[in-house]
Amino acid sequence: MVNKLFGAEWKNPLCSFFFFLFLLLSVDSANAQNIDKHYTSNQQEGEVLYFIYGQKIFKNKKSKAKLEYDITYLTSKDSVTFNLSLRNKSAVKVDSIQLIKDSEELLTEPADKIFITTDKKGYHSRYSSRMEYREIKDFFKASAPGKIILFTDVDKIILKPSKSKWKKIAKINRKIFEVIDLNTEN
Amino acid sequence: MKKLSRALCVGAAALMLTSCASVQTPLAGGLYTDVKAPVAVTSNSGSSKVGEAEATSILGLVATGDASVQEAAKKAGISKIQHVDYHSTSILGIYSKFKVVVYGE
C-alpha cells in the first residue's frame, strides 16, 4: 500500500529510517499541548507556587536582541514575578517594561535589575518586574502577537514574536492559567 | 548506491544505540526521555522565587550551557535555597537538555 502510494523509495532502508525519525520528532511537537513540561508547581503552606519555564519567542530583528522571560506566581498574591533576560550587543539599563496587546498598551511596570553580565554574543541583562496576574493572563489572550517594549535610559527596544510561535506559546500559557485558576477556585 | 545507503543506515542506527547525546537522568528512555527528579532539599522553609539554568547537547558532539545551581539561583535572585530539582529531556540521543530548577527566597 505504502509502496503504491509513494513509489519504490520506501524499499530504501535509509528513506524508512528518516521517515521513522520524522515521525518521532513529530510526536514531540504534537505533544506541544502537553503543558506539563512548560511549567512546574510547588505546594506550600496555604498556597501553591507556579513557575512557567523560560520562553524565548520575543526578538528584535534589527538589533538582533533576544528576550527570554519566565513567570512565577504565588496563589496567595494578585501579582506575578516576570523575570526577563535580554541578550543584546550592548549593555542596557532597563527602566520599565511595557506589554502591548492588540496594538494597545496593556501595562507598564518598573523593572529592577538582577544582574548584567557578558556572554558570547554581547551582554546578558537580567531584570525583574511585578505584574498583575489578571493582566499577564489577558496578555496571552490576544490572537495577534503581543509586543514587549523595554524602556532603557537612552532608547526603547521593541521585541516581537513570530505569528506561529506566538500562537503556540499563547495557547500553552492560556492552558496553564486555566489549570491555575481551576486549582485556586473555591 | 544500495551498499552506501545500507552503510549509512547501520551507522545512523549505531549512533542512536550509543545514545550519543546522553543526559543525566534516573530513568533513561532510548527513544525519548522527559524526566523530572530531585537534586537536594535544605532545611529552609517556603519559597517565593524560582530560577532555572540549562545546558544542551547535540549528537553528543557539541554541549553548551551552564546548568549549575548557582546560575539558576542567580537568575532569580535567590539567596536562600529551599530545594533543587532537575529536568532531563532527550530525543533519540540526538538532542538532549538538562535543566536545573532552584526554589528559594
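Analysis parameters
- Residues numbered from 1 in each chain as written.
- Chains lettered and ligands numbered in written order.
- Predicted model: local features only at pLDDT ≥ 70, side-chain atom pairs only at ≥ 80, totals over all residues.
- Heavy atoms only, no water.
- Phe/Tyr/Trp six-rings, centres within 6.5 Å; stacked < 30°, edge-to-face > 60°.
- Helix = DSSP H or I, 4+ residues; strand = E, 2+ residues; numbered from the N terminus.
- Buried < 20%, exposed > 50% of the residue type's maximum accessible area, 1.4 Å probe, protein only.
- Pairing = 2+ DSSP bridges.
- Axes fitted to C-alpha atoms, helices over the stretch in contact; angles between N-to-C directions.
- Core = buried A, V, L, I, M, F, W, Y, C linked by side-chain atoms within 4.5 Å.
- Contact = heavy atoms within 4.5 Å.
- pLDDT = per-residue confidence, 0-100.
- Patch = residues over 30% accessible without salt bridge, like charges linked within 9 Å, V, L, I, M, F, W, Y side chains within 5 Å.
- Areas by Shrake-Rupley, 256 points an atom, 1.4 Å probe, with all protein chains shown as cover.
- Salt bridge = Lys/Arg side-chain N within 4 Å of Asp/Glu carboxyl O.
- Lys, Arg positive; Asp, Glu negative; His and termini not counted.
- Charge placed at Lys NZ, Arg CZ, Asp CG, Glu CD.

Colleague: Would you mind going over the packing of aromatic side chains in detail, with residue names and values included?
Modeller: Residues and elements named next belong to chain A. What the rule picks out here adds up to 14 aromatic pairs over all chains. When the centroid spacing of 5.7 Å and the interplanar angle of 80° are considered together, the rings of Tyr133 and Phe177 count as edge-to-face. One end of the pair, Tyr133, is in helix α3 (residues 133-139); the other, Phe177, is in helix α4 (residues 163-184), and 44 residues separate them in sequence. On the accessibility criterion, Tyr133 (7% relative accessible area) is buried.

Colleague: I'd like to hear about the sheet that holds strand β5 (residues 94-101) of chain A, residue by residue, with values.
Modeller: All names here are of chain A. Judged by pairing direction, the sheet is antiparallel, and its four strands sit side by side in the order β6-β5-β9-β10 without closing on themselves. Of all strands in the sheet, those with a lone pairing partner are β6 (104-110) and β10 (156-159), marking the two edges. With strand direction ignored, the average angle separating the axes of adjacent strands in the sheet is 20°. Both strand β9 (residues 147-152) and β10 contribute to a ladder of four bridges, which runs antiparallel. Bridging across to β10, Phe151 finds its partner in Lys156.

Colleague: Any details on the nonpolar core? Residues and values, ideally.
Modeller: Ranked by size, the top nonpolar core spans 40 residues in total, and within it Tyr69, Phe140 and Leu150 of chain A carry the most contacts. Leu150 of chain A has contacts with Leu67, Leu84, Leu86, Val94, Ser96, Ile97, Asp155, Lys156, Ile157 and Leu159 of chain A, leaving out every residue within four places of it along the chain. Counting residues in hydrophobic clusters, the runner-up holds 13 residues, among them Ala37, Ala73, Ala76 and Tyr86 of chain B.

Colleague: Please give an account of the confidence of the model for chain B that cites residues and values.
Modeller: Residues and elements named next belong to chain B. With 82% of its residues at a pLDDT of 70 or more, chain B has an overall mean of 86. The secondary structure element of chain B with the lowest average pLDDT is helix α1 (residues 2-17), at 62, and the one with the highest is helix α2 (residues 69-76), at 96. Scored by ipTM, the complex comes to 0.79, with pTM at 0.82.

Colleague: Talk me through a positive patch on the surface; I want residue IDs and the actual numbers.
Modeller: All names here are of chain A. Taken together, the side chains of Lys59, Lys61, Lys66, Lys120, Lys121, Lys147, Lys156, Lys160 and Lys165 present a region of like positive charge at the surface. Here Lys160 shows up in the loop between β10 and α4. For Lys160, a relative accessible area of 44% translates into the label partly exposed.

Colleague: If you had to explain the side chain of Ser96 of chain A to someone new, which residues and values would you point to?
Modeller: Summarising the element assignment, Ser96 of chain A is placed in strand β5. Filtering out sequence-adjacent residues up to four positions away, Ser96 of chain A remains in contact with Thr108, Glu109, Pro110, Ala111, Ile149, Leu150 and Phe151 of chain A.

Colleague: Which residues make up the pairing of β6 of chain A, and what are the values?
Modeller: All names here are of chain A. Two strands pair when backbone bridges link them, and β5 and β6 are joined in this way by six bridges, in the antiparallel orientation. Residue Ile100 lies in a different strand from β6, and its bridge partner there is Glu105. From the end of β5 to the start of β6, which pair antiparallel, there are two residues, and Asp102 there has a positive phi angle of about 50°.

Colleague: Give me the lowdown on the sheet that holds strand β3 (residues 65-74) of chain A, citing residues and values where you can.
Modeller: Taken in spatial order, the six strands of this open sheet run β1-β2-β3-β4-β8-β7 (chain A), and their pairing is antiparallel. At either end of the open sheet lies a strand with only one pairing partner, and these are β1 (39-44) and β7 (112-119) of chain A. Neighbour-to-neighbour, the strand axes of this sheet turn through a mean angle of 20°, independent of strand direction. Where strand β2 (residues 47-60) of chain A meets β3 of chain A, eight bridges bridge the pair, whose relative direction is antiparallel. What sits directly across from Phe58 of chain A, in β3 of chain A, is Leu67 of chain A. Packing against the sheet, α4 of chain A makes contact with β1, β2 and β3 of chain A, and its axis sits at approximately 170° to β2 of chain A. Set on the sheet, α2 of chain B makes contact with β4 (79-88), β7 and β8 (122-132) of chain A; between it and β7 of chain A the angle comes to about 135°.

Colleague: Any chance you could break down unusual backbone geometry for me, citing the residues and the numbers?
Modeller: Residue and element names in this part refer to chain A. Positive phi is not limited to glycine here, since Lys64 has a value of about 60°. Along the polypeptide, Lys64 turns up in the loop between β2 and β3. Of the residues examined, Lys64 reaches a relative accessible area of 61% and is grouped as exposed. One non-glycine residue, Asp102, lies in the positive phi region at around 50°.

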